[in-house]
Amino acid sequence: MKISRIILLAGVALAAASTNAYAGCGIEKGSVRILSNDFPALHAVVDKASECAEGAVTVTKNQTKEHESLAVPGLSANPPEFTSHIVANSSIQPLLNGDLIRPLDDYVAKYGEGLQKTQLITIDGKVMAVAFMANAQHLFYRADILEKAGVQPPKTYEEMLEAAKLIKEKGLMDHPLGGTYKAGWNLGEEFVNMYIGMGGEFFKEGSAEPAINNEKGVATLEMLKSLSTHMNPDFLTFDSNALQAEFEAGKTAMAVFWGSRYGAVTDAEGSTPEIAGAIKIAGAPTVGGGSIPATTLWWDGFTVAKNASDEDAEATFRALAHGTSSDMANANVDKAVWLIGGYTPGPNGEGVLASASAGAKPYPMVPYMGLLHNALGAEVVDFMSGKEDAAQALADAEAAYVTAAKEKGFIK
Amino acid sequence: MPHRTFFWFVLPSVLAMIVFIALPIASVFMQSLHVAHDRVMVEVENCGPFGCKKEMQVDAAATEALRRAEPLGQFAGLSIYLNRNHLATGELAQMWSGASSLGAFLSSMFALPFYKALLFTLAYTFVVTPFVIVLGFAIALAVNAVPRVLKGPTIFFSLLPMIITPLIGSLVLFWMIDANGVIGATIQRLANDPNLSLKASAPLTWIMLMVYGIWHSAPFAFVVFYAGLQTVPADTLESAMIDGASRWERIRYVVIPHLAPLATFVGLIQLMDNFRVFEPVVGFNAEAHATSLSWIIYNDLKNQGEPLYGSAAATSMLTIFGVALLLSPVLVRTWCDFSRKR
């Protein structure tokens, strides 16, 4: 019976593949329940996957900024609340740690003919997620302001500081630089990016012991502080939304922030055509004479819950494979840098692709990185606001991390 | 009341209190004594769109086996309470022996996350509570003197700050004090300093949060005192007037003694509420300069998919202890009043 079912399903899949005009995804039945973050690129993917809801197939979604808090409890239940969590480099970790997602090798072999090999996230040889988009923080700049100041778009953070000084001296802007320096996760991410650009390592080889309290760490903090002197004094409250608003209001000339914001920053909404039209992008700058861009590469991809029934799991994989097809990517070129085959990147992809081809590194995919990130976001604040020196802030961050890592059983 | 009747009378509420208050606190306490199992780590090769790398991963099956054997985690005694992110006894001892002066010791002590949050929480509690009582009383007196026709609308508008959800109220104020907002821009103009920012300096952030707290809680004190004012005996007031007491003397010697028990009540509730200050810290994006005990609990639980349950539980227990300690003088006073009356 099993074999006959597989043959039947394979037949259906073939029929679906051969008749492209047929709108459905060829799934017979199953319940697809998707949990994801809340931004336009993911809306496009999940909406496309929702096309599969026909007949006995149901597709439901919960797209929320709080997706990480829901993921572990939602996928631990049996049957799970969600059959898929759309994850990134960092948010896949809790699912792997809890053994909550299933290997996708069989589904990839059966239904994955459209997938690129580079899309497969393999862990210890098993496909655990299928990536469909890339994201990174890269340079956004106002071409008109830089031209008036007579400077080229900066290739390094040192050039960026010089350019900021010139823009200030010529009276073009009071706070030419911007950054997502909000205390907490955002500030932690700024440290991670800059520290990677400096060529630093976060942990001692092969262990969870932190290794950030060193010259590179101090240089990283000094650079963050130098940059912040050219920013709006409220920088410790700035997240991507606030920074986007500053850019659109014409109060910022240069900032390194998320590539996925490109569409929102350069569209006419919330800005004047003169400002929006002059915003250009480039790869992330390097720092401290290093050769790799000071940024981290991120992927977003889908997983399938381990506790889902086989029927639901298969339907989920196929619906999301449909959601991440090249049709979807080509219809939503401006929303993300897709990793999907058969799609031509638009101007929004330049920054991420330039950073990637310059050798930018992915965000570290180790299970205890989140704890270190959180500790950095909380402890670096005292340095940024001038209450502590760099070495003390780094020592505090290490101590806060070690305390948390001991509690979570990563360090004995 | 016979003991038997009393027992059956209070039984439902005692049961409800055990189920909804005592048991959860006991479970939080149990949680605070346990840490997660040691993770079994393996080195594996991870591949993705940006290449392959050998990285450490948790051996989920082996860790799960450990977890099944002891679902609560490893017993850790009071170690979470004493670690750096809470009472930090070891760190404090080290700082004490290493510090050159008391000032240096205190400044390094208040850089530790728990003490930093405790300092703000206590400052907030002790500044906001008295202001709320005094301001609430003043508003109640003022509203009581308003002509009858205007009373309804005046009461409604005076209550508005309390009706608005705290998070929304703080967000609205957060945008108003922005350099581009109404209040922020006005203050910049008054101070004649275009770079003045209420969000960038720690003292201004503290003042801003406290002003918000007073604005938000004053209506509560107002409503209680206003209700109390309606019960002030008219005879006593009238005789005071005949004796030639001024308005101030009537308030001082008739109204305030009459409302004193209400002030204790408002103080009690406000001490509890203000010690749990949380929403304004989030709404004002103030975590860079001001954190509170409740905010630390939230931050531990939000830790990117790896919530620190033990740590959050320990902070919760310390908060409960703090509330009990704060309330003890007021409770003792109430108890004495009660015994005296009997």
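Predicted model, so just to flag it, every value in this text is computed and none were measured.

Asks: How would you summarise the overall build of chain A if you had to cite specific residues and measurements?
Replies: Within chain A, the secondary structure is distributed over 17 helices and 11 strands. Seen along its three principal axes, the alpha-carbon backbone of chain A occupies a region of about 75 × 55 × 30 Å. Considering chain A as a whole, with its 412 residues, one finds that 59% of them fall into the buried category. Long-range pairs, those at least 24 residues apart, make up 73% of the contacts in chain A with a sequence separation of at least 6. Just so you have it, chain A exposes about 15600 Å², and 54% of that area is on carbon and sulfur atoms. Distance between charge centres in chain A, computed from 32 positive and 49 negative side chains, equals 3 Å.

Asks: Please give an account of the overall build of chain B that cites residues and values.
Replies: Helix and strand counts for chain B come out as 15 helices and four strands. Over its C-alpha trace chain B gives a radius of gyration of 26 Å, far above what one expects of a compact globule, namely 20 Å for 342 residues. Taken over the C-alpha atoms alone, chain B extends approximately 90 × 70 × 45 Å along its principal axes. Out of the 342 residues belonging to chain B, those deemed buried represent 41%. When the accessible surface of chain B is split by element, carbon and sulfur atoms take 71% of a total near 18800 Å². When the 21 positive and 20 negative side-chain charges of chain B are each reduced to one mean point, those points stand 10 Å apart.

Asks: Outline the state of the cysteines, supporting the account with residue identities and numerical values.
Replies: All names here are of chain A. Enumeration over the complete set of coordinates arrives at two disulfides over all chains. Between the sulfur atoms of Cys25 and its disulfide partner Cys52 the distance amounts to 1.8 Å. Looking down the S-S bond of the Cys25 and Cys52 bridge, the torsion is -105°, so its handedness is left-handed. Note that Cys25 is positioned in the loop between α1 (2–18) and β1 (29–36) and Cys52 in the loop between α2 (40–50) and β2 (56–63), a separation of 27 residues in sequence. Using a relative accessible area of 3% as the deciding quantity, one classes Cys52 as buried.

Asks: Explain the nonpolar core to me, using residue names and the numbers behind them.
Replies: All names here are of chain A. One finds Phe191, Phe202 and Tyr401 to be the most contacted residues of the largest nonpolar core, which totals 68 residues. A per-element tally of this core places helix α16 (residues 369–384) first, with nine residues. Phe202 has contacts with Phe191, Val192, Tyr195, Ile196, Glu209, Pro210, Ala211, Ile212, Pro364, Met369 and Leu372, leaving out every residue within four places of it along the chain. Formed by 65 residues, the second largest nonpolar core is a distinct cluster that contains Leu75, Ala131, Phe317 and Leu320.

Asks: Could you give an account of the packing of aromatic side chains, with specific residues and numbers?
Replies: The relative placement of two aromatic rings is captured by the distance of their centres and the angle of their planes. For the structure shown, the criterion picks out 29 aromatic pairs over all chains. Between Tyr212(B) and Phe284(B) the ring centres are 5.7 Å apart and the planes differ by 70°, which places this aromatic pair in the edge-to-face class. Of this pair, Tyr212(B) sits in helix α10 (residues 202–229) while Phe284(B) is found in the loop between α13 (279–283) and α14 (293–301), placing the two residues 72 residues apart along the sequence. Each member of the pair Tyr212(B) and Phe284(B) is classed as buried. Each residue in the set Trp185(A), Trp258(A), Trp298(A) and Tyr363(A) is aromatic and connected to the rest through ring pairs, giving one cluster.

Asks: Go over the interface of chain A and chain B with me, naming the residues and quoting the values.
Replies: How big an interface is tends to be stated in terms of the accessible area lost upon association of its parts. Taken together, the contacts link 58 residues of chain A with 47 residues of chain B. Roughly 4500 Å² is buried in total at the junction of chain A and chain B, and carbon and sulfur atoms are behind 51% of that figure. Between chain A and chain B we count five salt bridges in total. A salt bridge links Arg84(B) to Asp396(A); the nearest nitrogen and oxygen atoms lie 3.7 Å apart. On inspection of chain A and its partner chain B, the count reaches 16 residue pairs in polar contact (both at pLDDT 80 or more). Elements with a minimum of two residues in the side of chain A that touches chain B: α3 (67–76), α4 (92–97), β4 (120–123), β5 (126–142), β9 (296–302), α16 and α17 (390–407) of chain A. Per-element accounting of the side of chain A that touches chain B gives the leading share, seven residues, to α16(A). Here the side of chain A that touches chain B is composed, by residue class, of 28 nonpolar, 14 polar and 16 charged. Where β4(A) lies against strand β2 (residues 41–48) of chain B, two bridges are found, and the strand directions are antiparallel. Of the residues in β2(B), the one forming a bridge with Ile123(A) is Asn46(B).

Asks: Outline unusual backbone geometry, supporting the account with residue identities and numerical values.
Replies: Put simply, Asn78(A) and Pro79(A) share a cis peptide bond, and its omega is 0°. Relative to the elements of secondary structure, Pro79(A) occurs in the loop between α3 and β3 (84–88). The residue Asp99(A) is not glycine, and still its phi comes out positive at about 55°. Among the secondary structure elements, Asp99(A) is positioned in the loop between α4 and α5 (105–111). One non-glycine residue with positive phi stands out, namely Ala88(B), at about 50°. Along the polypeptide, Ala88(B) turns up in the loop between α3 (79–82) and α4 (89–98).

Asks: Give a detailed account of the confidence of the model for chain A, specifying residues and quantitative values.
Replies: Residue and element names in this part refer to chain A. Looking at chain A, the pLDDT average stands at 89 and 94% of residues meet or exceed 70. Here α1 is the element of chain A with the lowest mean pLDDT, 43, and helix α9 (residues 215–228) is the one with the highest, 96. Note on residues 1–23: pLDDT is under 50 here. Beyond four places in sequence and across chains, it has 15 contacts.

Cut-offs and rules
- Residues numbered from 1 in each chain as written.
- Chains lettered and ligands numbered in written order.
- Predicted model: local features only at pLDDT ≥ 70, side-chain atom pairs only at ≥ 80, totals over all residues.
- Heavy atoms only, no water.
- Helix = DSSP H or I, 4+ residues; strand = E, 2+ residues; numbered from the N terminus.
- Buried < 20%, exposed > 50% of the residue type's maximum accessible area, 1.4 Å probe, protein only.
- Contact = heavy atoms within 4.5 Å.
- Areas by Shrake-Rupley, 256 points an atom, 1.4 Å probe, with all protein chains shown as cover.
- Lys, Arg positive; Asp, Glu negative; His and termini not counted.
- Charge placed at Lys NZ, Arg CZ, Asp CG, Glu CD.
- Rg over C-alpha atoms; globule rule 2.2 N^0.38 Å.
- Disulfide = S-S within 2.5 Å.
- Core = buried A, V, L, I, M, F, W, Y, C linked by side-chain atoms within 4.5 Å.
- Phe/Tyr/Trp six-rings, centres within 6.5 Å; stacked < 30°, edge-to-face > 60°.
- Buried area = accessible area lost by both parts, 1.4 Å probe.
- Salt bridge = Lys/Arg side-chain N within 4 Å of Asp/Glu carboxyl O.
- Polar contact = N/O pair within 3.5 Å; in protein donor to acceptor, adjacent residues only side chain to side chain.
- Nonpolar A, V, L, I, M, F, W, Y, C, P; charged D, E, K, R; others polar.
- Pairing = 2+ DSSP bridges.
- pLDDT = per-residue confidence, 0-100.

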